Each structure stands twice: as C-alpha cells, then as structure tokens.
Amino acid sequence: MQYNFNEIEAKWQKYWAENQTFKAENNSEKEKFYVLDMFPYPSGAGLHVGHPLGYIASDIYARYKRHKGFNVLHPQGYDSFGLPAEQYAIQTGQHPAITTAANIKTYRRQLDQLGFSFDWSREVRTSSPEYYKWTQWIFIQIFNSWYNTDTDKAEDIDTLISVFEAEGNANVNAVCDDDIAIFSAEDWTNFSDVEKQEILLKYRLTYLADTEVNWCPALGTVLANDEIVNGVSERGGHPVVRKKMTQWSMRISAYAQRLLDGLDKIDWPQPLKDSQTNWIGRSQGASAIFNVKDHDEKIEVFTTRPDTIFGVSFMTLAPEHELVGKITTAEQKAEVEAYIEATAKRSERDRMADVKTISGAFTGAYAEHPFTKGPIPIWIGDYVLAGYGTGAVMSVPCGDQRDYDFAKHFNIPIPNIFEGVDISEEAFADKDKTIIANSDFLNGLPYKKAMKLAIYELEKIGHGEGKINYRLRDAVFSRQRYWGEPFPVYYVDGMPQMIAKEHLPIELPEVEKYLPTETGEPPLGNAEVWAWDTVANKVVNNSEINNTTVFPLELNTMPGWAGSSQYFNRYMDPHNSEEIFSEKAINYWQDVDLYIGGSEHATGHLLYSRFWQKFMFDKGLVPKDEFAKKLINQGMITGTSAFVYRDEDGKTLISKGLIEGRNVTPIHADVSLVNASDELDIQGFKSWRDEFADAEFITEEDGTFKVGREVEKMSKSKYNVVNPDAICEEYGADSLRLYEMFLGPLEQSKPWNTAGITGAHGFLKKLWKLYTPFLDETAIAEHSRSEEEPSKESWKTLHKTIKKVEEDIENFSFNTSVSTFMICVNELSAQKCVSRKVLEPLAILVSPYAPHIAEELWSKLGHSESIATAPFPKFEEKYIKESDKEYPISFNGKMKFTMQLSLDLNKDEIEAAVMSHEKTQQQLAGRTPKKVIVVPGKIVNIVG
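Residues numbered from 1 in each chain as written. Predicted model: local features only at pLDDT ≥ 70, side-chain atom pairs only at ≥ 80, totals over all residues. Heavy atoms only, no water.

It is worth spelling out the sheet that holds strand β25 (residues 631–633) at this point. The strand order β2-β1-β24-β25 describes an open sheet built from four strands, whose pairing is parallel. With one partner strand each, in any of the chains shown, β2 (71–73) and β25 form the two edges of the open sheet. Here the strands of the sheet are splayed against their neighbours by 15 degrees on average, with no regard to which way each runs. Relative to β25, strand β24 (residues 594–597) is paired through three bridges, and the arrangement is parallel. Considered in β25, the bridge of Tyr595 is made with Leu631. (Pairing = 2+ DSSP bridges. Helix = DSSP H or I, 4+ residues; strand = E, 2+ residues; numbered from the N terminus. Axes fitted to C-alpha atoms, helices over the stretch in contact; angles between N-to-C directions.)

Structure below.
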C-alpha cells in the first residue's frame, strides 16, 4: 500500500475538526498545561515557510503534553486590527473588515493544512466587537484607577477621592503628574466638577495629556518608537516627525520597578530580559534644580553623577523642552527655531543612535549654578530627549564624552574636576577611579562619598534630592486611524467620560473615507453616526449633539498593542459575554506555561502585556502578576535572495560573473524565476518587471544569465518567500514539519533550502514501509510474526529512542529528535522488526512531529481512538542495559577470535568458558598455557 500523504493528511485534518480532538476543557481533573503562540497578523500575503517554525515547535510540545496526560490548552486567533488593512482601504475604498476576513480565511486554511492541534473553539479576533468589548472594559478599569506608592499597587479612583474629601492631597503618595498643586479638603469641596476631573486626570493610570509623539503624515497616525526604523515608518518607509498632540497615555512608568523585579521570576531568554531591562532603564542619582537667570523659571535635571556638579560648564535642553520658547533671547530666536524644525524630522531612536553628528543652538539664556551662583549658558541639542528624564541635562564635558564633543565643537570651556587625570583628548568616565578636585566641599573625595555629600548639600539648600529615575516613559495610547478599537469615551465640557459596561461594546461606525478629515481630525471624524446619547445610552447621529444629553465621542482609536495585551487570558473563557473570563476559568488555567514567539516583540507587546497583567493582578482579576512562565524566541528561517545587477547607465543588466570592476546596483529578482543553477529566466524577468522589458542583458559566455545570491530575512519585499501550499502539495505537511525542525536548533536562524525537504520526505516513506504488516488485510495475513515478542535488538532500539526523544522534547531540541527517528527506522528496518510492541510506541513518539502519518498508522494498527489520546511510551532502562560483552580472545597479545559472554560472569567463570571453547583448544593444540589474564568486561589474554 502506497504512502498517499495528500489523502492521509486531508482525512485526518477533517477528522480532528469534526471530532474537536484538541478541544480543552475548563473543568478537567487533569493537570493543566497552557501552550501559546504569539497570534499572527493576517496579512494579504498569507504564510510563507518561515512563519510556521514557532507554531510547529509549540504544536510538538502541546501534543507531547497531551500524551503525558495533561489537559492542554493550545489556542489560536488573529491580531486583526492594523495599519496594512487600513492602508489598503484608503487605496481601494474597501472596508478593512472585508480584507481582514479574506486574509483570515487564507491563514486558517494554511494553518489547518499544517496539522496544528489548535483548539479552534476558542478562536479570538481583536477586531471582533465581542472581543474588543473587553479591551474597552479594561481601559475603563485603568481609567478608574490610580497608583498608590504606599501600597505599591493600583487602587480604585474612589479611594483617592475619599482621601481628597477627608484631608486634601498633601499626604497622598501617588505616581502622578509633576505639576500638581497642594489643596485641602475644603478646597476640594469648593472645586467645580470640571476642576475635580482635571485634577483626577493627573492621577489616573490612563490620562489625556499633550505629548511629544512620532507623527507620520503619510500614514496619518502616531507611531510607537518600535514602529520606526532609521527615521521612517516600519510600514511603508514614510517620514516621521516629532510633534505635540493631545493623546491618551498609559502610566506604565508606575510599574517600572515591578516590571524590572518581575524579570527574575520568569524563564524568558536573557537577551529579551536585557532588552526590557535597558528599555526600563533604572538609574540612581539625584534631581538637581538650576534657576534661570533673569527669569522665574527653573531647570530640573536628573543626574547619575551629582559628584560632578562643579564641572558643569553648560546646560543642554531637548529642542522640544517647554522652557525653550520662554527663555530664548530675541537675538537667538531664528537660529533656535530653525534647529527645532530640523530636529522634528528625526526620530528619538535616530537621535539616540547617532553619536557622530554634533549639532545644537545657544538660547542666549543662562542658568545659575546652585552652589557657586555662577552663570551657565543654556543650549539646546538633539542628543537630549524630551521623553527621557526631565528633558534637560547638566553638561559636564570633563566626565561625559558627548558633552565633551559638544563643548569642543562649540568652544565651550571644559573645566577639569578630576584629580590627576588628563582630559586634553577625551572625557574621563571611570567612576571607580574618580577623586574629585576643584569642587569646593567635595575636594579629595572618591565617587561614592562625593555623590552622597553632593546630594546632602543639594537637599540642604533646597536645590535637589536623591532620586531613582527610569528611562521608561508613559506609553502613548492613541492612534489617529480608523481600523482599531474605539475608545468607550465621550466628552462633556472637554472632560472624558466612560461609557458603562452594560452598553459595551462601542462598535466602529461606518465612514466614507478612511483618511483624516479636511480639518485634520482622525478618520472617525468622517463618521456621521458618532455621538453618545446619555439618555438612550446608544450611539446616535452627530447632528443630534446638544452638549446637554448628546455628546461627541472620542475620535482616536486604541493602538495595536491594546488587543494583544490580554488575549492570552481571554482564551481561557472566550465566549463569556458577562465577564472578561470567569473566576473558575482563570483560577484553573492561571497563566501560560509555554509561550513561543519572535524576539522583535521584546519591548513592545511583551512589556505592555506584563504591565496590563500586573494592573489586573492589582485589581484582583488574575491570580498571577506575570502572564507567561516560560518564553522561547524561535529563530528566523531565512530566504536565499536572488539579485540581478544594473549597470550605472540604468538600462543594462549584467550577469553575476561579469560585474567585477563595474559600478553596479543589485536589484532583487523573484526567486521563482531562478533555477537551481542560479540562472535567471530572462523573459520571465522582463514580464515581471515592466521597466526592464527593453533592458539589455549581458550574459555569460555560455549565454546564461547568472544571479547573485544572499541569505536574507524571508520577506515578500525581497521576493524570496517560499509558499507552504506548494511544499504541502508536493511533499506533505508532515514532511514540512519534520524538515523545519531538522534545519537546526529552534532559537537559531537557519536558511531555507527546498531541495533539503526530500530527506524528510524519504524518511516518512521508509517509516510507512516499516508498518507494511498492518497496512492491508493481505499483508496482515502474511506477517503473523507481528504479534511476536520483539528481538532484544529491537527493544533496545525502541527504548533508546524513547529516552532520546523525551529528553529532546523537554529541552526543546527538536532537530536532534528528527535525527533520532531516522536512526531508529534504519535500525528497525535492518532488524526486519514487524512487532506491534515496538511499532505502536514508535507511532506515538513520531506523532507530535508528523501527526498525520502517525494517526493513519495508529488506525492501521487497529485503534479507533485518535493517537492524540495515547499515553507517551515509558522508557525502561533494562532494555538498553548491556547484558553481554563481546570479549576479544588473544593469544600472546594477538586477537584470534571473539566470544559473547554474560557481564554477570566473574573472573574464574570467564576463564573456564574461554578455556573450554573449541577455538581455544585449536590454538593451544594440547599445550598448557603459562597463565590466563582476564580483565572482566574488557579482555582475555592467554599467554603460552
């Protein structure tokens, strides 16, 4: 019977779907195990062979845990809000929901054909109102909370109001805005309702504020720092500028220390933890206050080196700093404004990374040194960021290289405050070797003592205090786009009001255009039905707005990370319309046991999700404050790109072997137009790229046109993607699964080579052949030995395979398991093993990796239940323990023959057995040996 993989795979995929084989129960007696993948954004391009790598690994582990008797939750869904669908809608006018649904259909088909054991009954889509109802609900919970630093957790805003009513805010310790005035209980009572709301916004965990944002005019939206690469948007490569906008923000900074501390409790990759640690950026130092001469303004700086305060020779403000406009002199105004405009075109990330470019402008204003009272010139420079610290630094050029380079460039004095150190060529930053000089009361002190004394003296004169600072800034939570979660917010007298839970979800309205309005409002400004009737409690037409009972709704939508910050919890109880999840469900599943996904999400999705989880923990909604115990970053499957080379004339393309010495530009070619010998289909290329239809192609002497090759990220934009549909059609999903695991360790990147899949496919055919006695009635009749006891060799092969595969899966070393399977099948084939007692457990071992063929073989072995329910084979040491030893029998040091003897024999018994052997008698020919040397377990030497 032939191995018809297409038929077999379709059969079992249908069976799993119809029987809901992988459906998890919330009330199981079994121990739970929750395996999660980072859910995909369903792009129009569908999956390429690089995408399933992590899914295959998680599926192997999920299936293994089911065999081990666990109740496994292995869900899947779609992160289905996003800019690409909206950009397509802008270009075509087609509603993003339509294209998203079509893309999801493609993804589902591709995921199903790869045989993943997902519990599809729990599918979630972030763009579904049934799902984003709970994203809106969490937003309301965050809005109605504040962070109490005394209890170190989020608390209900009503508890804060109670304090205000009883005693004012003088004794409130909270994470809040900096510009809060002290008021009494009586003041609070006398404040208007709007004034009270304005004050509470300064304490709420989500709040409205004028924020410096990354604005992308082409996309019409704000972008997060991690959505910008080299100063342009990651999506589309559009320019990004910095500008101030009124935005919703999340006070994630309240959780900075807890986010750091929590990293010690979770088994996540160290590079990922390091990324988060650096992003949070904890530093210890002091806040120092400098008065601005001839102004009532003050400049607050945070410094990790208060010991160097006497080395300050200038101040540097971020170009966006609010004081710049107030203190800049008339003479410097034009230069400063021009510099600010130029800086707005650079992203924060670019400014942080660019250490070579030195630029700045003098404001014309001076600060006053807190101790010497001497004047300090105030500059602006783009190496200072408004979003980090206070947006201002006290510049100490002798101790900081960037300050040093800035001072050298602009001829600013560089006083030396370090004893015995030469700073003529560069700054000195070695804290441990620092002895302070030229610094009044700090003279002669080492770094640590000088730091403590400087802080003490600053506090004494009211110009600063010791402080811990974090680089982590509050997260902007608004996007000026249509295709995202609507805020459950309407405005009364300009103040945000939350819509009650019973009226959620607030669904996206229909709009004619997906672009911002002509007056610059977000796309929701185009909606005609987008106002909130507080009497009818429903969305109504804008024309009904009367600011008495009908009010305008929020026009921004939530960012992409809103929907992905709690999806893992919603999977536990996805169809609950009354609660985000039941107490029973969350208490059973608790958290994710294994999470697999890309490292690119380290400081985006993963940091924000941890923040939401800690907030929900504070509110008693979840039992764990970290949502995933273990996380693995799968490596990337790279593609082998193809390049043609365009000559500098722009009209000629040159074959790879002829480009030396020429000034050429490499251009990606679609890999489907290149054969295994790196030869380009010239006519196909001309048809594919119209602009080269009339180009001249300079070929090799043999008339072929050779492309260049380079390993790159597999990407549609690089034309190097391989579609899994074609692979599954030609070789089957089981071959694809095995091959992707065989390529190398899960965490490492590895290049794709379609030719290599034939090895995995050949192995499956050999595995199939091993089960010949069970494949049809005739074969069964002809192989009566199938019910016999296996040979000792076959038992050994099986159990060493069980041991190795179990160790590999537990250690996520899936690539070595595939090698083990190949060795096992080769050995069993050589042994002509047809025993059910070996072949049944082997099918279970293979099942997590190649589930379709395993199900078919299990069925042929006579089982009616899915192999997914079969217990994992138990390793037994006795089968691999050697009971015999093959002894080399030597005469006068020369081996003449070998003997198989039991390892249980002692020295005398070994000698007796050897001496009685007929070959020994032949060698001795009647002579008596002088002695017999026996080393048990090693050798026997007969000395004549």
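Let's pick the thread back up.
All right, on to the side chain of Lys614 then. Along the chain, the position of Lys614 falls in helix α19 (residues 605–618). At a separation of 3.3 Å, a polar atom in the side chain of Lys614 contacts the side chain of Asp625. Setting aside anything within four residues of it in sequence, one finds Lys614 in contact with Tyr255, Arg258, Leu259, Gly262, Asp625 and Glu626. (Polar contact = N/O pair within 3.5 Å; in protein donor to acceptor, adjacent residues only side chain to side chain. Contact = heavy atoms within 4.5 Å.)

The tally for this structure, following the rule as stated, stands at 43 salt bridges. A salt bridge links Glu368 to Lys293, with the nearest nitrogen and oxygen atoms 3.7 Å apart. On the criterion of sequence distance, the pair formed by Glu368 in strand β14 (residues 361–368) and Lys293 in the loop between β11 (282–292) and β12 (298–303) is long-range, its members being 75 residues apart. We note a salt bridge from Lys624 to Asp591, for which the minimum N-O separation is 3.1 Å. One end of the pair, Lys624, is in the loop between α19 and β25; the other, Asp591, is in the loop between α18 (583–589) and β24, with 33 residues separating them in the sequence. The class of Lys624 is partly exposed, set by a relative accessible area of 27%. Overall, Asp591 belongs to the buried group, its relative accessible area being 4%. (Salt bridge = Lys/Arg side-chain N within 4 Å of Asp/Glu carboxyl O. Buried < 20%, exposed > 50% of the residue type's maximum accessible area, 1.4 Å probe, protein only.)

Spanning 14 residues, helix α23 (residues 757–770) covers 20 Å between terminal C-alpha atoms, matching the ideal 20 Å at 1.5 Å per step. Burial in α23 covers these residues: Ile757, Ala760, His761, Phe763, Leu764, Leu767, Trp768 and Leu770. Those residues of α23 that are buried lie in contact with α1 (5–19), α21 (724–731), α22 (733–742), α26 (814–830), α27 (836–846) and α28 (851–860). (Expected span 1.5 Å × (residues − 1).)

Here the focus is helix α5 (residues 129–143). Between its terminal C-alpha atoms α5 stretches 20 Å, which fits the 21 Å expected from 15 residues at 1.5 Å a residue. Across the 15 residues that make up α5, a large majority, 13, are buried.

This part is about the packing of α26 against α27. Packing of α26 against α27 leaves a shortest axis separation of 12 Å and a crossing angle of 160 degrees. One finds that α26 runs roughly antiparallel with respect to α27. Note on packing geometry: the crossing formed by α26 with α27 is left-handed. Packed against α26, whose contacting residues are Phe821, Cys824 and Leu828, the element α27 presents Val838, Leu842, Leu845 and Val846 at the interface. Looking at the contact of α26 with α27, its residues break down into seven nonpolar, no polar and no charged. (Parallel < 35°, antiparallel > 145°, perpendicular 65-115°, else oblique. Left-handed = near helix turned anticlockwise from the far one by under 90°. Nonpolar A, V, L, I, M, F, W, Y, C, P; charged D, E, K, R; others polar.)

Moving on to the nonpolar core. Phe477 and Tyr595 are the most contacted members of the largest nonpolar core, which has 90 residues in total. Tallying contributions element by element places α5 first for this core, with nine residues. Excluding residues within four positions of it along the chain, Tyr595 makes contact with Leu36, Asp37, Met38, Tyr567, His605, Leu606, Phe627, Ala628, Lys630, Leu631 and Ile632. One finds Phe70, Leu764, Trp768 and Ala850 within the second-largest nonpolar core, a separate group that totals 85 residues. (Core = buried A, V, L, I, M, F, W, Y, C linked by side-chain atoms within 4.5 Å.)

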